[in-house]
Structure formats: structure tokens, C-alpha cells
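Notes for the structure review
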Amino acid sequence: MEKTQGFLKFRPEAELDLGFIDEVAKMPDGKTLYNCIQCGTCSGTCPLAIYMDYSPRRIIAMTRAGFKNEVLSSFTIWLCASCYECSVECPRRIKIADFMAELKQISLREGFYSNQFKSTVLAREFFKLVQKRGRSSEFWVAFLIYLKTNPIQILRLIPFGIKLLLKGRVNLKLERVKEPRQIKILLEAISSNQNKVSV
Amino acid sequence: MIAVFRTLGVELEELEDWNCCGATAYMSIDEMKAFALASRNLALAERQNGNKSVMVTPCSGCYLVLSKTQRYYSEYDEVKEVIDKALESIGLNYSGSVRIKHPLDVIVNDIGLPTVMEKVRKPLFGLKIIPYYGCQIVRPYAVFDDAEDPTSLDKLIWSIGGKVIDWPLKTRCCGGSLIGTFEEIGVSLSFILLKEAKKRGADVIATVCPLCQFNLECYQREMEKKFNEKLGIPVLFFTQLLGLAFGLSEKELGLNKMFSQMKLL
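Reference entry: report on the structure contained in this document.

Cut-offs applied
- Residues numbered from 1 in each chain as written.
- Chains lettered and ligands numbered in written order.
- Predicted model: local features only at pLDDT ≥ 70, side-chain atom pairs only at ≥ 80, totals over all residues.
- Heavy atoms only, no water.
- Helix = DSSP H or I, 4+ residues; strand = E, 2+ residues; numbered from the N terminus.
- Rg over C-alpha atoms; globule rule 2.2 N^0.38 Å.
- Contact = heavy atoms within 4.5 Å.
- Core = buried A, V, L, I, M, F, W, Y, C linked by side-chain atoms within 4.5 Å.
- Buried < 20%, exposed > 50% of the residue type's maximum accessible area, 1.4 Å probe, protein only.
- Pairing = 2+ DSSP bridges.
- Right-handed = clockwise from strand over helix to strand, strands pointing away.
- Buried area = accessible area lost by both parts, 1.4 Å probe.
- Salt bridge = Lys/Arg side-chain N within 4 Å of Asp/Glu carboxyl O.
- Polar contact = N/O pair within 3.5 Å; in protein donor to acceptor, adjacent residues only side chain to side chain.
- Nonpolar A, V, L, I, M, F, W, Y, C, P; charged D, E, K, R; others polar.
- Phe/Tyr/Trp six-rings, centres within 6.5 Å; stacked < 30°, edge-to-face > 60°.
- Lys NZ or Arg CZ within 6 Å of the ring centre and 35° of its normal.
- Axes fitted to C-alpha atoms, helices over the stretch in contact; angles between N-to-C directions.
- Parallel < 35°, antiparallel > 145°, perpendicular 65-115°, else oblique.
- Left-handed = near helix turned anticlockwise from the far one by under 90°.
- Patch = residues over 30% accessible without salt bridge, like charges linked within 9 Å, V, L, I, M, F, W, Y side chains within 5 Å.
- Areas by Shrake-Rupley, 256 points an atom, 1.4 Å probe, with all protein chains shown as cover.
- Lys, Arg positive; Asp, Glu negative; His and termini not counted.
- Charge placed at Lys NZ, Arg CZ, Asp CG, Glu CD.

Another aspect to go through is the overall build of chain B. Looking only at helices and strands, chain B has 12 helices and six strands in total. Taking 18 Å as the expected radius of gyration for a compact globule of 265 residues, we find that chain B reaches 19 Å, a close match to that expectation. For chain B, the spread of C-alpha atoms along the three principal axes comes to 55 × 45 × 30 Å. Pairs at least 24 residues apart make up 73% of the contacts formed inside chain B by residues separated by at least 6 positions.

Here it is as C-alpha cells:
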């Protein structure tokens, strides 16, 4: 991570992936990315921009310039909480929040993050749980995240967990739909029908 | 919420055998699978209640995922095709007719404020309430209210006698699921909201999303320790406030499950 966090003002063209933008633009309405005028409205409205390593505007610029590695291993894409402030304000109507989600997908698919990284663990565990049972359980997902990333933290959270339980705010029971197999078939049908649909 | 709707003369019915909508986490793994999960719910709703079904979802996340699925399903043929095939494999079909609504939309626009006012038994006179909309209920699809300055919750609060506090952070993000992944950042975002609320002398914050409610309410102790500032503001789901004004019991409204106890009127 250290390496990608600093400024990268110059890279020889041979090291860049100039096709990256075309790959990303396959998402629904992704073509609008070519329209970005780099005005910075997205970065200005983003409540998380100050915590990001690259601002949303820069992520778009870097995507277009082919800095694939830097973009896909940035914290920015995982810090996006999908609040859609940028998408609403963008004067060029770029769906920036959806674009961030697309980058998350590519980043996961191509393995840019380790299994120690909480955001990816959250996404994966949540995915698995829903795939298996059709319903999620906040308590167990949270538990698994900490178990897989930072088990010692669990000790610190025990009092909080107990309080939640006593107040009846979380449920330890793992719920499921009547026939969990249905969900599995449904999701498998998607993978077999889909060759990365471009719309 | 069910009790409040019942008071207003609307009976809610649970969607039989519902599944998780997939939330934003699913979107970041595989968009099409997220659509598939959401559309299973939509198809079930259609089967249960026919072509004129209205699906009411109190969570902004579910609301967004379902609306987004609905839109993509009707706007992009490629999406429709894949989803239809997948649904077929589990013996369901969907014609795209279910309407997805947030309870706030239903109460303010369908049931109407006059009906709400009629039912008020114990008006919340003098209670300073902050209307907090959060992000995904008005964005990106501002269906029933303005994306930058929504006002439906404000009107609702007025109609039950509360005093609305001017609050520029109405639609600012609470941090959402970041509280589980980048805890410090998530907590700071929620803290900004609470601090501003405190500064403006709020008695209570009304939310329209369960996750906002959770973030703002349950982490207050932690924030107080971290930022060395006293908070202690109750955060209620907006229907809980309505219920209070209708004179429903604390237990019916789930107020016994709250972290920060509210001094009742």
C-alpha cells in the first residue's frame, strides 16, 4: 500500500493500461465517463474525500489515463459509502457512485486486496451468507469480519455486543428462506447466462 | 411501524419468504446477482398481491437496491433478459409492475398529512426534532422529494406538533457500513452529525433509515469517549415519533430497545 499512496506524477506510457477506461466504461451508462470535465464537483461534495488517498475526481482522471494498478488498489474505492451525493451533483451526469462500485468489482475479481482487508472481507462474507441462506445476519457478518481480520478486537467489542443483545437489537439466530437452494440456483443461472453484459 | 400504519388505517403484510436485497455489498461483487436477488423479492410480491402490489421498505438501502433493479429491469433489455432467465429457473416470473415505496412517501403523500393530524392524541408540542433523511432515500433517484433539500419529513414533524430545527446536514452521509470496515472514519462521520445536532439544541433526531439510526444511536458512548464531548441525543425512527404522538405504548413502538432513553412528555 505504501507505494501507491504517494504522488505519482509521471509514468512511462508503456507501464500504463490505456484500455482500462474502455473496460470500465462497459458498465451501464459507463460511456459518460468520457465526458468528465474534471471540474471537481464530486470531490467537493464527497463527505469522505478528506479521508481518501485519491479524490474521486483524480480517480476518474487516473482511470482515463490508464493508472489501473493505482486505481484498483486505492482506499478511495472502498471508502465510498454510496451516498450518491456526487452522482446527483455531477454536471456531466456521470454515475460516479456506480462507477466506484464497478471499480470495487474489478478490484475484487482481480485480487488487488489481501484477505486481511475489512471491506473485501465484509463484501465476501456477506455475499457467501446470502448465497447460502438468502438472508443476512448483521451480528454474524460483523463477527466474521473481526474474526478474519483482527480477532483481538473482538474482546474490545464484547461489552458492546452484550448490550446490543440485552436490548434485543441483534438476533443471534441465523434466518433463512424456506428453500435456500432456490437462491443458489438463481445466482448460478446468472453466472451461466452472463458474459459480462454491457449495456 | 406496523402499529403506526394500523392506526392510520393501512394494514401492512409481510412479504412471504423474502430474501435479503443484497445491499451495497452485493453491488460491489456482482451487480447482476444483486439485481437477481432483488428481483426475486419483486416477483414474490407480484405473486402474493397481483399486479398492483406496492412494496413498502423502511430501509434506505433496500429501497435503493429495489428501485434500481426496477429501473434497470425496465430500461435495459439486456438486464431484463438475464433476470428473466434466472427467475425462470426457480419457477418465478416478473412483469415489472411492483411499485416500491418508502414509508415516508406512503405516509406523507398517499395517506396524507390531514389523516395523520386527525389521529394525533398527544401532540409533541415543544419537542425540538431534527429531520435527518440520510443519503439513499433521495439519491440518486429523487422520486418523491428533492435531492438536496427534502422537506417531507419536516412537514410530517410539524403535523404532529413537533418543532423542526433548521438543519443543513439533512442529507449528509452517516458513514453507512463504513462503521464496520473503517470504524474510525465511520464514527467521525456520525459524530459530525450528532455534534451539529447538539449545537442546535435538538431534543431528538428523527431518521428514516435503520442503519442511520443504529450508527447515530449505538455508537454515542464510543464517540463521547473518543472526542471527549457529551452527546446523549435520542435517535428515533420517524414512525416511533409518530407512534408517540398517536399515543401508542412504548412497547408497541420498541422504545424499550433504545440505547438512549428518551424522557417522555
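This paragraph deals with the nonpolar core. B:Ile83, B:Leu104, B:Ile107, B:Leu153, B:Leu156, B:Phe238 and B:Leu241 are the most contacted members of the largest nonpolar core, which has 73 residues in total. Top contributing element to this core by residue count: helix α3 (residues 31-49) of chain B, with eight residues. Once you skip the residues sitting within four places of it in the chain, B:Ile83 turns out to touch A:Ile190, B:Met32, B:Phe35, B:Ala36, B:Ser39 and B:Tyr73. Core analysis: the second largest hydrophobic core is formed by 45 residues, A:Leu72, A:Ile96, A:Met100 and B:Cys173 among them.

Turning next to the side chain of B:Asn41. Here B:Asn41 lies in helix α3. Classification of B:Asn41 by relative accessible area gives buried; the value is 4%.

All names here are of chain B. Taking burial as the measure, the five residues of strand β3 (residues 128-132) include four buried ones, the bulk of the element. Across two bridges, the pairing between β3 and strand β4 (residues 163-164) is parallel. Across the sheet, Ile129 pairs through a bridge with Val164, a residue of β4. As a crossover connection, the stretch from β3 through helix α7 (residues 152-159) into β4 is right-handed. Of the strand pairs in this sheet, β3 and strand β5 (residues 204-207) are connected by four bridges, and their pairing is parallel. Paired with Tyr132 across the strands is Thr207, a residue of β5.

A few words now on the interface of chain B and chain A. Listed as interface residues are 63 residues of chain B and, on the opposing side, 60 residues of chain A. Both faces considered, chain B and chain A share a buried interface measuring about 5,600 Å² in area, 64% of it formed by carbon and sulfur atoms. Taken together, the links from chain B to chain A amount to three salt bridges. Between B:Arg139 and A:Glu85 there is a salt bridge, with its nearest N and O atoms 3.4 Å apart. Counting the contacts that link chain B with chain A gives nine residue pairs in polar contact (both at pLDDT 80 or more). Counting residues per element, the side of chain B that touches chain A draws most heavily on helix α5 (residues 77-89) of chain B, which supplies seven residues. Class assignment for the residues of the side of chain B that touches chain A results in 31 nonpolar, 15 polar and 17 charged.

Before going further, it helps to spend a moment on the packing of aromatic side chains. All names here are of chain B. On inspection of all chains with the given rule, the structure shows eight aromatic pairs over all chains. A centroid spacing of 5.9 Å and a plane angle of 85° characterise the contact between Phe214 and Tyr219, whose relative ring orientation is edge-to-face. When the ring centre of Tyr141 is taken as origin, the NZ or CZ atom of Arg71, which lies over that ring, is 4.1 Å away.

All names here are of chain B. Where α3 contacts α5, the axes come no closer than 10 Å and their chain directions differ by 60°. Of the possible angle classes, the one that applies to α3 and α5 is oblique. Seen along the crossing, α3 lies across α5 with a hand that is right-handed. Residue-level inspection shows Met32, Phe35, Ala36, Ser39, Arg40 and Ala43 of α3 in contact with α5, the latter providing Val79, Val82, Ile83 and Leu87. Looking at the contact of α3 with α5, its residues break down into eight nonpolar, one polar and one charged.

A few words on a positive patch on the surface. All names here are of chain B. On the surface, Lys198, Arg221, Lys225 and Lys230 cluster together to form a positively charged patch. Position of Arg221 relative to the elements: it lies in helix α11 (residues 220-227). Under the relative-accessibility criterion, Arg221 is labelled exposed at 54%.

Residue and element names in this part refer to chain B. Residue alternation in β5 divides its side chains into two sets, Val204 and Ala206 and Ile205 and Thr207, and both sets are buried. In terms of strand pairing, β5 meets strand β6 (residues 235-237) through three bridges, oriented parallel. When the sheet's bridge partners are listed, Ile205 is paired in β6 with Val235.

Residues and elements named next belong to chain B. Looking at where Arg47 falls in the secondary structure, it is placed in helix α3. Residue classification places Arg47 among the exposed residues on the basis of a relative accessible area of 62%. A sequence separation of 32 residues divides Arg47 from Leu15, and the C-alpha atoms of the two residues are 10 Å apart.

Note that all results are geometric; they support no functional claim without further evidence.
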